Amino acid sequence: MSLAFPLEKIAMIGGGSWATALAKILSENGARVGWWLRHKEDVQHLQRTRHNPRYLSSVQFDLTRVFPSTDVEDVVKEADWVVLAVPAAFVKETLDKLDRDALKNKRVISAIKGMIPGRNELVTDYVSERFRLSREKMGCVAGPCHAEEVALEKQSYLTIGSPDLALAEDFSQLLRNRYVKAHAAADLDGIEYCAVMKNIIALTCGVAHGLGYGDNFQAVMVANAVQEIRRFLYALNPQPRDLSASAYLGDLLVTAYSQFSRNRTFGNMVGRGYSVKSAQMEMNMVAEGYYAVKSIFEVNKDLRVNMPITSAAYHILYEKVAPAVEIELLKEKFR
Ligand SMILES: NC(=O)C1=CN([C@@H]2O[C@H](COP(=O)(O)OP(=O)(O)OC[C@H]3O[C@@H](n4cnc5c(N)ncnc54)[C@H](OP(=O)(O)O)[C@@H]3O)[C@@H](O)[C@H]2O)C=CC1
Ligand SMILES: O=C(CO)COP(=O)(O)O
């Protein structure tokens, strides 16, 4: 096993599947990972058995490199890099315990594919404002990559977006291993927004699947979704970007088609007739798309971009319109 970066100190914030997968990659590459989880019992379980009891519990950690804790201030204080990996809805309450200077001189990476509910902000925008941190000190992790496949060490690709390409390259290096390829890209906003929007699309694909629509329809939904994402990103930030790259299209495809996708699974349940509440209760994981629909729909009230899929998902999830009615309407709009 390589110990390429023995001196890098990482704070991993979050105890879910993605935090667990990233803690595995980073620690196995030799970094020191201080790991914040919210429950004392989970920290104790990790310390006792070397496994996260609730997510990717097959992964075994080396406790000479991984240091679980419930004290977020402590974990952050020790680190050079802070990796945020809680669902977006819990970012505020998790970081509220930190004072405004806590991230000074740190580099912050958001591994979150969601927006701050209510504020409708990207996670990096929220963190940048709350901690007075320049966006040059920040990045995001994106790309088609399910935590479950990382646990199985299946070949995966990640893209690190940051306005500072050197920072993105540095973090990419910390991630590269036998089964992870990582590369740097400059389009932080575009990558972050696309990572949020692909969850909405996957959720809506799930709804259609739950209603009995097949692969033919889903392919058309995904093709139309690419155009919807392009229009939205262009209205928001019209810099040149290649949406066919894996950070954009790849992530959309894996989420729309994978058996592991929380968003697709959640949508599928809604299409089959579950209420939003019961679908959420059935899953012990978080489908970011549910919150993202509201944020993107509200951001788009000013932009007025034509976004039929996002609007359909909003009507289904927040206005209780029957899924069959909304998908029927989409059928007529798709080309
Ligand atoms: N899973 C994946 O494959 C990938 C996920 N991501 C992104 O990573 C982010 C984290 O998701 P993921 O790891 O999948 O999460 P999971 O769905 O695996 O787990 C949910 C997480 O949310 C936590 N949680 C629930 N309620 C609260 C609360 N009130 N306060 C704080 N935390 C809470 C849970 O903590 P607890 O267990 O203590 O209840 C758990 O850590 C998301 O933005 C997701 O889109 C990105 C790429 C891949
Ligand atoms: O972003 C992901 C894969 O790249 C995870 O998507 P889900 O949250 O739908 O599982």
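Residues numbered from 1 in each chain as written. Chains lettered and ligands numbered in written order. Predicted model: local features only at pLDDT ≥ 70, side-chain atom pairs only at ≥ 80, totals over all residues. Heavy atoms only, no water.

Caption draft 1: Summary view of helix α1 (residues 17–28). Helix length check: α1, at twelve residues, gives a terminal C-alpha distance of 17 Å against a target of 16 Å (1.5 Å per residue), a fit within 8%. Counted residue by residue, α1 has eleven buried out of twelve residues, so it is predominantly covered. Of the positions making up α1, those classed as buried are Ser17, Trp18, Ala19, Thr20, Ala21, Leu22, Ala23, Lys24, Ile25, Leu26 and Ser27. Following α1 by one or two positions, Gly30 adopts a phi angle in the positive range, close to 105 degrees. (Helix = DSSP H or I, 4+ residues; strand = E, 2+ residues; numbered from the N terminus. Expected span 1.5 Å × (residues − 1). Buried < 20%, exposed > 50% of the residue type's maximum accessible area, 1.4 Å probe, protein only.)

Caption draft 2: Quick look at the site of ligand 1. The environment of ligand 1 is formed by 23 residues, the closest being Ser17, Tyr55, Ala147, Arg262 and Glu288. Measuring from an oxygen atom of ligand 1, one finds a side-chain N or O atom of His39 at 3.1 Å. Between ligand 1 and the protein, one listed contact pairs an oxygen atom with a side-chain N or O atom of Tyr55 at 2.7 Å. Notes on ligand 1: free accessible area 890 Å², of which the protein chains cover 89%. Put simply, ligand 1 lies in the largest pocket. The residue makeup of the shell around ligand 1, split by class, is twelve nonpolar, five polar and six charged. Taken domain by domain, the makeup of the shell around ligand 1 includes at least three residues from each of domain 1 (9–186) and domain 2 (190–333). (Near = heavy atom within 4 Å. Polar contact = N/O pair within 3.5 Å; in protein donor to acceptor, adjacent residues only side chain to side chain. Areas by Shrake-Rupley, 256 points an atom, 1.4 Å probe, with all protein chains shown as cover. 1 Å grid on protein atoms, 1.4 Å probe; cavity = no way out; pocket = protein on both sides within 12 Å on 5 of 7 lines; lining within 4 Å. Sits in = over half its atoms within 2 Å of the grid points. Nonpolar A, V, L, I, M, F, W, Y, C, P; charged D, E, K, R; others polar. Domains from an automatic or database assignment.)

Caption draft 3: Structural context of helix α8 (residues 188–211). Taking 1.5 Å of rise per residue, the 24 residues of α8 would be expected to cover 34 Å, and the 35 Å separating its terminal C-alpha atoms lies within 8% of that figure. Burial of α8 is extensive: 21 of the 24 residues sit out of reach of the surface. Directly beyond the C-terminal end of α8, a positive phi value near 105 degrees is found at Gly212.

Caption draft 4: Here's a closer look at the nonpolar core. Counting residues in hydrophobic clusters, the biggest one holds 54 residues, and the most contacted among them are Met221, Ile229, Phe232, Phe266, Ile296 and Leu317. The element best represented in this core is α8, accounting for twelve residues. Each of domain 1 (9–186) and domain 2 (190–333) accounts for three or more of the residues forming this core. When neighbours within four sequence positions are excluded, Phe266 is seen to be in contact with Leu203, Val276, Ala279, Gln280, Met283, Ala287, Tyr290 and Leu317. Judged by nonpolar contacts, the second largest core, of 39 residues, contains Val59, Ile160, Phe171 and Tyr179. (Core = buried A, V, L, I, M, F, W, Y, C linked by side-chain atoms within 4.5 Å. Contact = heavy atoms within 4.5 Å.)

Caption draft 5: Geometry of the pattern of salt bridges. One pass over the full model with this rule turns up 20 salt bridges. The partner of Glu148 in a salt bridge is Arg262, with the nearest N and O atoms 3.7 Å apart. With Glu148 in helix α6 (residues 147–151) and Arg262 in helix α11 (residues 262–271), the pair connects residues that are 114 residues apart, well separated along the chain. With a relative accessible area of 15%, Glu148 lands in the buried category. With relative accessibility at 16%, the residue Arg262 sits in the buried group. (Salt bridge = Lys/Arg side-chain N within 4 Å of Asp/Glu carboxyl O.)

Caption draft 6: Focus on the sheet that holds strand β3 (residues 66–69). With respect to topology, eight strands assemble into an open sheet ordered β3-β2-β1-β4-β5-β8-β9-β10, the strand pairing being mixed. For this open sheet the edge positions go to β3 and β10 (180–185), each flanked by a neighbour on one side alone. If you compare each strand with its neighbour and ignore which way they point, the axes differ by 20 degrees on average. Two elements, strand β9 (residues 156–161) and β10, share six bridges in a ladder whose sense is parallel. Counterpart to Tyr157 in the pairing with β10 is Lys181. Helix-sheet contacts for helix α7 (residues 165–175) involve β1 (9–13), β4 (81–84), β5 (107–110), β8 (138–142), β9 and β10, and the interaxial angle to β10 is about 175 degrees. (Pairing = 2+ DSSP bridges. Axes fitted to C-alpha atoms, helices over the stretch in contact; angles between N-to-C directions.)

Caption draft 7: Representation of the packing of α8 against helix α15 (residues 323–333). Following both chains from N to C, one finds α8 and α15 inclined at 110 degrees, their axes separated by 10 Å at the closest point. On the basis of the axis angle, α8 is roughly perpendicular to α15. Residues Thr204, Val207, Ala208 and Leu211 of α8 form the contact with α15, whose participating residues are Pro323, Ala324, Ile327 and Leu330. Residues belonging to the contact of α8 with α15 are distributed by class as follows: seven nonpolar, one polar and no charged. (Parallel < 35°, antiparallel > 145°, perpendicular 65-115°, else oblique.)

Caption draft 8: Looking closely at the side chain of Glu192. With respect to the element layout, Glu192 can be found in helix α8. The side chain of Glu192 is buried and forms no salt bridge, while Arg135, the nearest opposite charge, is found at 4.8 Å. Side-chain polar atoms of Glu192 contact the backbone nitrogen of Val123, separated by 3.4 Å. (Lys, Arg positive; Asp, Glu negative; His and termini not counted.)

Caption draft 9: Main features of the site of ligand 2. In the vicinity of ligand 2, 13 residues are found, and the nearest of them are Lys198, Asp251, Ser261, Arg262 and Asn263. Contacts to ligand 2 include Lys198, whose side-chain N or O atom sits 2.6 Å from an oxygen atom. A distance of 2.9 Å separates an oxygen atom of ligand 2 from a polar atom in the backbone of Arg262. Taking 310 Å² as the accessible area of ligand 2 by itself, protein coverage stands at 91%. The site holding ligand 2 turns out to be the largest pocket. At the level of elements, α10 (246–257) and α11 are the ones that each hand at least two residues to the shell around ligand 2. Sorting elements by how many residues they give to the shell around ligand 2 places α10 first, with three residues.

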